[in-house]
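A structural walkthrough
As a plain string of letters, each chain reads:
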Amino acid sequence: MTFGRICRCAVVLSALLFAFPSSGSARDGVGGVDIDNNRVTAGSTANTFVFTYTADDAPLRGRMRFVVPPGWTRPQAANPTLSGYVKLGRRGCAGATRLSGIQGRTLAITAVCAKGRSLRITYSNVTAPRIAADGYTFLTQTRANPRQGSPAPRFLPLTRFKQPVVTVIGAAVDSYQVTTTSLAIAGSPFSLTVRPIDVYGNTARNATGAYYANTMSFTSTDAAATLPPPYTVVPADFGTHTFRGVVLNTPGLQTIHVSDLNGISGESLPITVSSYR
């Protein structure tokens, strides 16, 4: 193959790549979902969420999958007094729109929604996961009804920015986590990190959702230790602060203890202090 022919092949290949972009509305599911409550506390109970699906970019006459992520209460439609109860409400979509079944964590919905019309999924008496995370996605996919004689189209997820996402934040402070070295040389400085945590081990938040903040003080089993002075946590710490220049001077097993004005406390694991330099 000549150089010119190779170049021509490369040009044709490039043209094909640009002709078929890697993403676009043709590859996205129809519509978008909004949530009435997109932030809850880890381990909290009796939460209710309302997810509003709208066929905003095209009509949908087909099926929808709505998946509850792991860690959340398993959905059920049998008993409204029990946890995880889900119900479907039509807010303009046709009467044929219905919840057609639940398999595991996946809701199957038959949807007949003209462009601009909506339906609502109410998910009630829900316990949030114990692990805090910026975004739990309730994956939503749609599929149009197949045309006669055509194979069934595949389910397509809604575009990323139209997926329903719920943030789980840390719960109330339970203790301080003190992280530092397990080996130290007497007289040599090292650092330690203090993080207020909830009962599940997440970075703690207060009642307003802000990171827990208070003035903390330090003590040690080493009476000759050089420890940080009392420190008041600031918003820029995002709940966690690292202290440098900590020095233990007495060989043996030592610990560092932290406590605050509210009586919340924590302690490091034992630190083996050696006199060797």
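The structure displayed is predicted, hence computed values, not measured ones.

1. Some thoughts on the nonpolar core
- By size, the foremost hydrophobic cluster in this structure holds 29 residues, and its most contacted members are Phe-49, Phe-51, Tyr-53, Trp-72, Leu-119, Tyr-123 and Phe-138.
- Among the secondary structure elements, those contributing two or more residues to this core are β3 (47-54), β4 (60-67), β7 (106-113), β8 (118-126) and β12 (165-169).
- Discounting chain neighbours no more than four positions away, the residues touching Phe-138 are Phe-51, Phe-66, Val-67, Val-68, Pro-69, Trp-72, Tyr-123, Gln-163, Pro-164 and Val-166.

2. Considering unusual backbone geometry
- One non-glycine residue, Asn-125, lies in the positive phi region at around 55 degrees.
- Relative to the helices and strands, Asn-125 is located in strand β8.
- In the Ramachandran plot, Phe-238 falls in the positive-phi region, its phi being about 50 degrees despite a non-glycine side chain.
- With respect to the helices and strands, the residue Phe-238 is situated in the loop between β17 (231-232) and β18 (241-247).

3. Topic: the packing of aromatic side chains
- Scanning the entire structure with this criterion turns up 13 aromatic pairs.
- The interplanar angle of 80 degrees and the centroid separation of 5.6 Å between the aromatic rings of Phe-49 and Trp-72 together place this pair among those described as edge-to-face. Here Phe-49, found in strand β3, pairs with Trp-72, found in the loop between β4 and β5 (85-91); they are 23 residues apart in sequence, far enough to count as distant. Both residues of the pair, Phe-49 and Trp-72, count as buried.
- Taken together, the ring pairs in this structure connect Phe-49, Phe-51, Phe-66, Trp-72, Tyr-123, Tyr-136 and Phe-138 into an aromatic cluster.

4. Examining the sheet that holds strand β19 (residues 252-254)
- Taking strand neighbours across the sheet as the criterion, the three strands line up as β14-β22-β19 in an open arrangement whose pairing is mixed. Edge positions in the open sheet fall to β14 (183-185) and β19, since each of these has one partner strand only. In this sheet, neighbouring strand axes are inclined to one another by 35 degrees on average, regardless of whether the strands run parallel or antiparallel.
- Judged from the three bridges that link them, β14 and strand β22 (residues 271-274) form a sheet pairing that is parallel.

5. Remarks on the pattern of salt bridges
- Enumeration over the complete set of coordinates arrives at one salt bridge.
- Asp-56 is the partner of Lys-162 in a salt bridge, and the nearest nitrogen-oxygen pair spans 3.2 Å. Taken together, the residues span a long stretch of sequence, with Lys-162 in the loop between β11 (156-157) and β12 and Asp-56 in the loop between β3 and β4 at a distance of 106 residues.
- Using a relative accessible area of 26% as the deciding quantity, one classes Lys-162 as partly exposed.
- According to the relative accessible area criterion, Asp-56 is partly exposed, its value standing at 37%.

6. Thoughts on the side chain of Thr-255
- Structurally, Thr-255 can be placed in the loop between β19 and β20 (256-260).
- For Thr-255, a relative accessible area of 13% puts it in the buried group.
- Those residues within four positions of Thr-255 in sequence are excluded, and the remaining contacts are Thr-219, Ser-220, Thr-221, Glu-267, Ser-268, Leu-269 and Pro-270.

7. Some thoughts on the sheet that holds β5
- Ordered by their spatial adjacency, four strands build an open sheet running β1-β3-β8-β5, and the pairing between neighbours is antiparallel. Across the chains shown, the open sheet's two edge strands, defined by having one partner strand only, are β1 (32-35) and β5. Direction aside, the axes of adjacent strands within the sheet are offset by 20 degrees on average.
- Pairing of β1 with β3, which is carried by four bridges, proceeds in the antiparallel orientation. The residue of β3 that forms the bridge with Gly-32 is Thr-54.

8. Describing the confidence of the model for the protein
- In the predicted model, the protein carries a mean pLDDT of 90, and the fraction of residues at 70 or more is 90%.
- Every residue in residues 1-25 is under pLDDT 50, and counting partners more than four places away or in other chains gives three contacts.

9. Focus: the environment of Pro-251
- Position of Pro-251 relative to the elements: it lies in the loop between β18 and β19.
- Looking at Pro-251, the relative accessible area reads 45%, which means it is partly exposed.
- Along the primary structure Pro-251 and Ile-271 are separated by 20 residues, whereas in three dimensions their C-alpha atoms are 9.7 Å apart.
- Among residues more than four places away in sequence, those in contact with Pro-251 are Val-273 and Ser-275.

Scoring rules and cut-offs
Residues numbered from 1 in each chain as written. Predicted model: local features only at pLDDT ≥ 70, side-chain atom pairs only at ≥ 80, totals over all residues. Heavy atoms only, no water. Core = buried A, V, L, I, M, F, W, Y, C linked by side-chain atoms within 4.5 Å. Buried < 20%, exposed > 50% of the residue type's maximum accessible area, 1.4 Å probe, protein only. Helix = DSSP H or I, 4+ residues; strand = E, 2+ residues; numbered from the N terminus. Contact = heavy atoms within 4.5 Å. Phe/Tyr/Trp six-rings, centres within 6.5 Å; stacked < 30°, edge-to-face > 60°. Pairing = 2+ DSSP bridges. Axes fitted to C-alpha atoms, helices over the stretch in contact; angles between N-to-C directions. Salt bridge = Lys/Arg side-chain N within 4 Å of Asp/Glu carboxyl O. pLDDT = per-residue confidence, 0-100.

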